[in-house]
Amino acid sequence: MSLRNLVLVLLMMISAHQAMSIAFTSRILHRFSEEMKALRVSRSTNTSVRVSWPEKGSMEYYQELVSGDFQRQKMKLGSRFQLLFPSEGSKTIALGNDFGWLHYAWIDIGTPSVSFLVALDAGSDLLWIPCDCIQCAPLSASYYGSLDKDLNEYRPSSSSTSKHISCSHNLCESGQSCQSPKQSCPYVIDYLTENTSSSGLLIQDVLHLSSGCENSSNCTIQAPVVLGCGMKQSGGYLSGVAPDGLFGLGLGEISVLSSLAKEGLVQNSFSLCFNEDGSGRIFFGDEGPASQQMTSFVLLDGKYEAYIVGVEACCIGNSCLEQTSFKALIDSGTSFTYLPEEVYENVVMEFDKRLNTTSTVTFKGYPWKYCYKISADAMPKVPSVTLLFPLNNSFVVHDPVFPIYGDQGLAGFCFAVLPTDGDIGILGQNYMTGYRMVFDRENLKLSWSRANCQDLSNEKKMPLAPSKETPPNPLPANEQQSVSEGHAVAPAVAGRAPSKPSAATPCFIPSCFYTVRLLHLLLLVFYLVSTCV
């Protein structure tokens with residue numbers, strides 16, 4: 001047999017072996033087969049969520065297939081932008097007692113766009129704004145001492161890009177109670193603060209964002225999001241807290257962050273940074289510097305319901321106290337910090353002992369029990385407060401006290417913690433001060449690093465304001481989103497964690513191995529042929 005014929009036989013044998021190796025490496029199941037349906041139902045952790053299963057050959061069937069293809073392509077291509085932030089800039093502001101001591105940001109919604117000053121709340125999921133108001137807070141600037149322009153009310157009929165969300169939509173939590181699947185989806189959110197709620201209808205419209213790039217046509221993005229048309233508010237929302245809306249940053253599928261990640265716009269993470277002077281920054285897609293410390297989010301009732309972390313111990317000065325471990329919700333929508341009763345007692349007593357000053361006093365109108373007057377001589381040295389997390393990660397609270405001012409200036413200060421019932425505390429925005437807090441939703445981790453929020457360029461350039469005069473980049477809306485609880489309760493339990501999107505389909509190890517081996521053998525064969533001819 002000639003060498004050429006020998007080579008051809010060898011090539012045929014290799015090809016046959018390759019085919020046999022690949023053919024039996026896995027079973028292939030159609031996405032909408034009965035076996036896949038049973039598997040999806042068995043993996044569902046939430047029995048109240050309906051499993052959508054389209055009828056074969058129907059319009060919905062093909063829409064689901066196309067939607068899935070688009071999602072996989074987005075995941076293969078990766079995130080389109082490194083960072084995004086509201087089109088009016090990444091700045092956040094704290095407006096003091098008139099606005100509940102929370103941090104706010106200006107956002108633009110609709111076409112033409114309308115501006116809203118929304119509170120930033122990591123303890124709930126839904127973005128809602130006052131809309132076609134039946135009962136809303138006053139929106140006139142004259143009602144608030146710290147505003148220089150009126151707040152706005154949203155009207156879906158005035159936006160050419162608005163759409164009502166129907167009761168059949170996957171994100172409509174109230175869908176089963178609707179009289180008709182085509183009816184507009186209602187929402188009602190009751191918050192932990194007594195008698196505080198928001199209710200209305202779910203709407204889809206565009207949120208205007210910026211990537212901060214320069215001289216590019218892709219700097220401004222119109223991202224389709226689901227938001228609450230808040231027709232009726234109650235409680236604190238009528239008396240100064242979030243009068244122009246609330247931006248839920250929680251883990252639920254209905255949150256803006258979940259939408260941005262699903263659309264492949266940014267990584268599934270965001271950061272908040274608050275300065276001592278009340279200024280701050282917010283960035284979508286920020287994963288933080290390599291030098292940051294981190295801790296994992298923990299389960300609550302077997303689920304990742306919210307940004308819950310486990311604190312192993314509280315330290316006052318150089319003393320780490322026993323019986324001070326607890327779980328805590330990281331919540332920018334809560335002004336101050338709350339500790340479980342037993343932990344609270346141990347911490348405040350140690351703080352009071354180490355302060356080594358006169359006995360506590362009461363400042364009228366302030367909720368804290370441990371408050372102190374400042375003498376004319378000097379400010380006493382305030383002991384440090386540190387929270388210990390697993391793997392020796394420490395979180396030093398840079399602003400543990402709240403200053404009290406009188407007619408003559410600084411009159412005293414209070415240890416800014418309060419007791420709460422139950423075993424879950426809340427680390428509010430006052431204890432986040434001075435840090436760049438990164439909420440990594442994809443890897444379920446909280447990270448932090450000391451930062452001047454005016455300059456977050458430790459490792460990469462982070463734009464602080466949007467570029468000017470850049471055309472919009474509209475994105476297609478996606479009605480076929482996956483099912484999840486859009487439940488939002490702040491500052492307690494927010495929506496359940498979004499399911500992690502699978503990466504691009506990997507090839508099976510046997511197939512990959514034989515494919516690589518075959519390529520090497522083919523190269524060898526062609527080399528032999530070329531040298532022997």
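Not measured: the values here are computed from a predicted model.

Counting across every chain of the model gives 7 salt bridges. Between Glu276 and Arg450 there is a salt bridge, and its shortest N-O distance comes to 3.8 Å. Separated by 174 residues along the polypeptide, Glu276 in the loop between β11 (269-274) and β12 (279-284) and Arg450 in strand β27 (residues 445-450) bring together distant segments of the chain. Arg450 gets classed as partly exposed once you look at its relative accessible area, which sits at 44%. A salt bridge links Glu350 to Lys353, with the shortest nitrogen-to-oxygen separation between them at 3.3 Å. Here Glu350 and its partner Lys353 are both found in helix α5 (residues 341-355), 3 residues apart, which amounts to about one turn of the helix. On the accessibility criterion, Lys353 (58% relative accessible area) is exposed. Each of Asp132, Glu153 and Arg155 takes part in a single network of salt bridges with overlapping partners.

Before going further, it helps to examine the state of the cysteines. Inspection of every chain in the model, using the stated rule, returns 7 disulfides. Bridging Cys172 to Cys185, the disulfide has an S-S length of 2.1 Å. The sign of the 95 degrees torsion about the S-S bond sets the Cys172-Cys185 disulfide as right-handed. Of this pair, Cys172 sits in the loop between β6 (163-164) and β7 (186-190) while Cys185 is found in the loop between β6 and β7, placing the two residues 13 residues apart along the sequence. The burial state of Cys172 is the same as that of Cys185; both residues are buried. The partner cysteine of Cys315 in its disulfide is Cys320, sulfur to sulfur 2.0 Å. Looking down the S-S bond of the Cys315 and Cys320 bridge, the torsion is 95 degrees, so its handedness is right-handed. For Cys315, a relative accessible area of 3% corresponds to the buried category. Residue Cys320 is classed as partly exposed on the basis of its relative accessible area of 44%. Residue Cys314 stays outside any disulfide, its sulfur separated by 7.4 Å from that of Cys315, the closest cysteine.

Let us look at α5. What sets the pattern is the α-helix's 3.6 residues per turn: residues three or four places apart point alike. End to end, α5 covers 21 Å across 15 residues, agreeing with the expected 21 Å (1.5 Å per residue, within 8%). When we look at burial in α5, the residues that qualify are Val343, Tyr344, Val347, Val348, Glu350, Phe351 and Leu355. When α5 is viewed along its axis, its buried side chains cluster within an angular range of 165 degrees and face the same direction. In α5, the exposed positions angled more than 90 degrees off the buried face are occupied by Met349 and Lys353.

Take the sheet that holds strand β20 (residues 385-389) next. Spatially, β16-β15-β20-β21 is the arrangement adopted by the 4 strands of the open sheet, whose pairing is antiparallel. Each edge of the open sheet carries a strand with a single partner, namely β16 (319-320) and β21 (393-397). In this structure, β20 lies alongside β21, joined through 5 bridges in antiparallel fashion. Following the sheet pairing, Thr386 is matched in β21 by Val396. Each of β15 (313-316), β16 and β20 touches α5; the most contacted strand, β15, lies at about 15 degrees to it.

On the secondary structure map, Ile134 appears in strand β5 (residues 127-135). For the pair Ile134 and Gly230, spaced 96 residues apart in sequence, the C-alpha separation works out to 8.9 Å.

Attention shifts here to the environment of Ala242. The residue Ala242 is located in the loop between β9 (220-234) and β10 (246-248) in this model. Residues Ala242 and Val118, 124 residues apart in the sequence, show an inter-C-alpha distance of 6.2 Å. Contacts of Ala242, omitting those with residues within four sequence positions, involve Tyr104, Ala119, Trp128 and Tyr237.

What follows is about the nonpolar core. Phe247, Phe284 and Phe439 are the most contacted members of the largest nonpolar core, which has 73 residues in total. Of the domains in this structure, domain 1 (84-284) and domain 2 (293-454) are the two that each give at least three residues to this core. Leave out the neighbours within four places in its chain, and Phe247 touches Ile107, Val118, Ala119, Leu120, Asp121, Leu126, Leu127, Leu207, Val256 and Phe284. If you look at the next biggest cluster of nonpolar residues, it comprises 30 residues, including Leu126, Tyr144, Ala242 and Leu246.

Let's shift gears to the sheet that holds strand β19 (residues 371-373). In space, the 3 strands of this open sheet follow the order β19-β23-β22, with antiparallel pairing throughout. The strands lining the two open edges of the sheet, one partner per strand, are β19 and β22 (401-406). Averaged over neighbouring strand pairs, the angle between their axes works out to 30 degrees when direction is ignored. The pairing of β19 with strand β23 (residues 409-415) spans 3 bridges and is antiparallel.

How each quantity is defined
- Residues numbered from 1 in each chain as written.
- Predicted model: local features only at pLDDT ≥ 70, side-chain atom pairs only at ≥ 80, totals over all residues.
- Heavy atoms only, no water.
- Salt bridge = Lys/Arg side-chain N within 4 Å of Asp/Glu carboxyl O.
- Helix = DSSP H or I, 4+ residues; strand = E, 2+ residues; numbered from the N terminus.
- Buried < 20%, exposed > 50% of the residue type's maximum accessible area, 1.4 Å probe, protein only.
- Disulfide = S-S within 2.5 Å.
- Expected span 1.5 Å × (residues − 1).
- Arc of directions from axis to C-beta.
- Pairing = 2+ DSSP bridges.
- Contact = heavy atoms within 4.5 Å.
- Axes fitted to C-alpha atoms, helices over the stretch in contact; angles between N-to-C directions.
- Core = buried A, V, L, I, M, F, W, Y, C linked by side-chain atoms within 4.5 Å.
- Domains from an automatic or database assignment.

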